[in-house]
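Chains, contacts and geometry: an overview
Next come the chains, spelled out residue by residue.
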Amino acid sequence: MLAKLTGWTLLAVVRLLTGAQARWWGCPPKAEQRIYFANHQSHIDLVMIWAALPEELRSITRPIAARDYWTNSPLKRWITTEVFNAIYVERGGSAPLPADLVPPSPPATPPRQPQAQAPRERVEPSFDAAEPPPSPGPSAFDTAESMQGQLALDAAGAEPVPQPEPAPEQLTPGTPEALLPLQPLIEALQSGDSIIIFPEGTRGHTGVPQKFKSGLYTLAQMFPDVVLVPAWIDNVQRVMPKGEVVPVPILCSVTFGEPIKVEEGEERRPFLDRAREAVIALRDV
């Protein structure tokens with residue numbers, strides 16, 4: 001009951017400050033399973049798009065929330081859990097691997113046991129005249145030093161050959177390691193919920209969304225029957241600028257566009273670019 005009252009209070013505050021105007025330009029509000037993907041400008045984007053949905057859609061739609069920000073105080077944790085029913089995600093792919101995915105450590109090498117040495121043969125002293133020692137030849141150190149000097153002379157004036165930097169290790173799409181950051185979203189979709197995601201992965205400050213990350217493409221392939229709805233959140237970055245804690249009353253809106261889907265044979269990057277353009281196109285509607 002407390003969570004419901006808090007939700008109505010937050011909804012009234014958000015609509016008073018921003019208007020929270022919802023414009024269903026490309027599709028009507030419908031109680032079907034959807035993935036709403038939008039531009040990301042502020043931490044309150046999830047509040048804004050949640051408030052723009054009708055009541056019957058809010059109850060079945062779960063926004064994602066950055067765990068490090070929305071759980072750093074008991075109040076924010078309670079609101080995102082009890083009111084928004086948010087899905088916590090780790091930013092920067094920092095989620096730890098579960099035990100069954102951690103590669104096993106190599107077995108420890110047992111310590112070497114000292115070997116017993118054979119008794120030394122006794123050498124009787126000799127009183128014969130010792131032979132003079134042979135003249136010393138070039139030592140291994142002198143030979144190596146000479147070779148290094150020769151190599152230095154041969155390479156004099158030659159330009160150093162740059163060594164290529166090793167390529168960063170990349171996760172293979174579809175592997176358990178690659179799907180790990182998406183696991184909370186996968187579980188929500190498997191349970192029948194709709195979700196709200198921000199494919200940029202971080203907040204933008206240029207007015208144009210950054211390149212979309214591959215999570216949207218992966219989810220679209222795993223759940224082809226879920227409707228993908230682009231959305232543009234306008235002006236919300238001026239309500240709560242970065243570093244501010246007091247919101248400023250400014251009229252904002254959320255425009256929902258025409259659904260898209262992954263075409264047959266469409267590769268990841270072309271689809272993500274097309275999804276990004278679908279969001280940007282709603283800015284001028």
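Residues numbered from 1 in each chain as written. Predicted model: local features only at pLDDT ≥ 70, side-chain atom pairs only at ≥ 80, totals over all residues. Heavy atoms only, no water.

Structural notes on the overall build of the chain
Per the secondary structure count, the chain includes 11 helices and seven strands. When contacts within the chain are restricted to residue pairs at least 6 apart in sequence, those whose partners lie at least 24 apart make up 74%. Looking at the chain as shown, the accessible area adds up to about 19000 Å², and 57% of this sits on carbon and sulfur atoms. (Helix = DSSP H or I, 4+ residues; strand = E, 2+ residues; numbered from the N terminus. Contact = heavy atoms within 4.5 Å. Areas by Shrake-Rupley, 256 points an atom, 1.4 Å probe, with all protein chains shown as cover.)

Thoughts on the side chain of Ser 194
Position of Ser 194 among the secondary structure elements: in strand β5 (residues 194-197). At 2.8 Å, the side chain of Ser 194 forms a polar contact with the backbone nitrogen of Arg 34. Not counting residues up to four positions away in its chain, the partners in contact with Ser 194 are Glu 32, Gln 33, Arg 34, Ile 60, Thr 61 and Arg 62. (Polar contact = N/O pair within 3.5 Å; in protein donor to acceptor, adjacent residues only side chain to side chain.)

Re the sheet that holds strand β1 (residues 21-24)
On the basis of which strands lie adjacent, the open sheet formed by seven strands has the order β1-β7-β6-β2-β5-β3-β4 and mixed pairing. Where the open sheet ends on each side, the last strands, each with one partner, are β1 and β4 (87-89). Direction aside, neighbouring strands of the sheet carry axes that sit 25° apart on average. Against the sheet, helix α8 (residues 183-190) makes contact with β2 (34-38), β3 (61-66), β4 and β5, and its axis sits at roughly 160° relative to β4, the strand it touches most. Strands in contact with helix α11 (residues 268-281) are β2 and β6 (227-234); relative to β6, the strand with the most contacts, it is inclined by about 45°. (Pairing = 2+ DSSP bridges. Axes fitted to C-alpha atoms, helices over the stretch in contact; angles between N-to-C directions.)

Observations concerning the nonpolar core
In terms of nonpolar packing, the biggest core is built from 60 residues, with Ile 35, Phe 37, Leu 185, Ile 195 and Leu 216 touching the most fellow members. With seven residues, the top contributor of residues to this core is helix α2 (residues 45-52). Those residues in contact with Leu 185, other than ones at most four positions away along the chain, are Ile 64, Ile 87, Val 89, Ile 195, Ile 197 and Leu 219. (Core = buried A, V, L, I, M, F, W, Y, C linked by side-chain atoms within 4.5 Å. Buried < 20%, exposed > 50% of the residue type's maximum accessible area, 1.4 Å probe, protein only.)

Considerations on the confidence of the model for the chain
Mean pLDDT over the chain works out to 76, with 61% of the residues at or above the 70 mark. For residues 93-106, every residue scores under 50 in pLDDT, and the model assigns this stretch nine contacts once sequence neighbours within four places are set aside. (pLDDT = per-residue confidence, 0-100.)

With respect to the packing of helix α1 (residues 2-18) against helix α5 (residues 74-83)
At a minimum axis separation of 10 Å, α1 and α5 run at an interaxial angle of 100°. Accordingly, the angle class assigned to the pair α1 and α5 is roughly perpendicular. Contacts between α1 and α5 involve Leu 2, Ala 3, Thr 6, Gly 7 and Leu 10 from the former and Trp 78, Ile 79, Glu 82 and Val 83 from the latter. A breakdown of the residues in the contact of α1 with α5 according to their chemical character gives six nonpolar, two polar and one charged. (Parallel < 35°, antiparallel > 145°, perpendicular 65-115°, else oblique. Nonpolar A, V, L, I, M, F, W, Y, C, P; charged D, E, K, R; others polar.)

Side note on the packing of aromatic side chains
In total, this model carries six aromatic pairs according to the counting rule given. Geometrically, the ring pair formed by Phe 37 and Phe 212 is edge-to-face, given 6.5 Å between the ring centres and 85° between the ring planes. Highlighted residues: Phe 37 in strand β2 and Phe 212 in the loop between β5 and α9 (215-222), separated in sequence by 175 residues. An identical accessibility class is assigned to Phe 37 and Phe 212; each is buried. Between Tyr 217 and Phe 271, the aromatic rings sit 5.7 Å apart at their centres with planes inclined by 50°, giving tilted as the arrangement. (Phe/Tyr/Trp six-rings, centres within 6.5 Å; stacked < 30°, edge-to-face > 60°.)

So, the pattern of salt bridges
Applying the stated criterion across every chain yields a total of seven salt bridges. Its salt-bridge partner being Arg 62, residue Asp 193 comes within 3.6 Å of it at the nearest N-O pair. Placement of the pair is Asp 193 in the loop between α8 and β5 and Arg 62 in strand β3, with a sequence separation of 131 residues. The shortest N-O distance in the salt bridge between Glu 277 and Arg 276 comes to 3.6 Å. (Salt bridge = Lys/Arg side-chain N within 4 Å of Asp/Glu carboxyl O.)

Looking at unusual backbone geometry
In this structure, Asn 85 takes a positive phi of about 50° despite not being glycine. As for its position among the elements, Asn 85 is in the loop between α5 and β4.

Details of the environment of Cys 27
Within the secondary structure, Cys 27 is located in the loop between β1 and β2. Sequence separation between Cys 27 and Pro 259 is 232 residues, and the spatial gap between their C-alpha atoms is 7.2 Å. Look past the residues within four positions of Cys 27 in its chain and what remains in contact with it is Arg 34, Val 229, Phe 256, Gly 257 and Pro 259.

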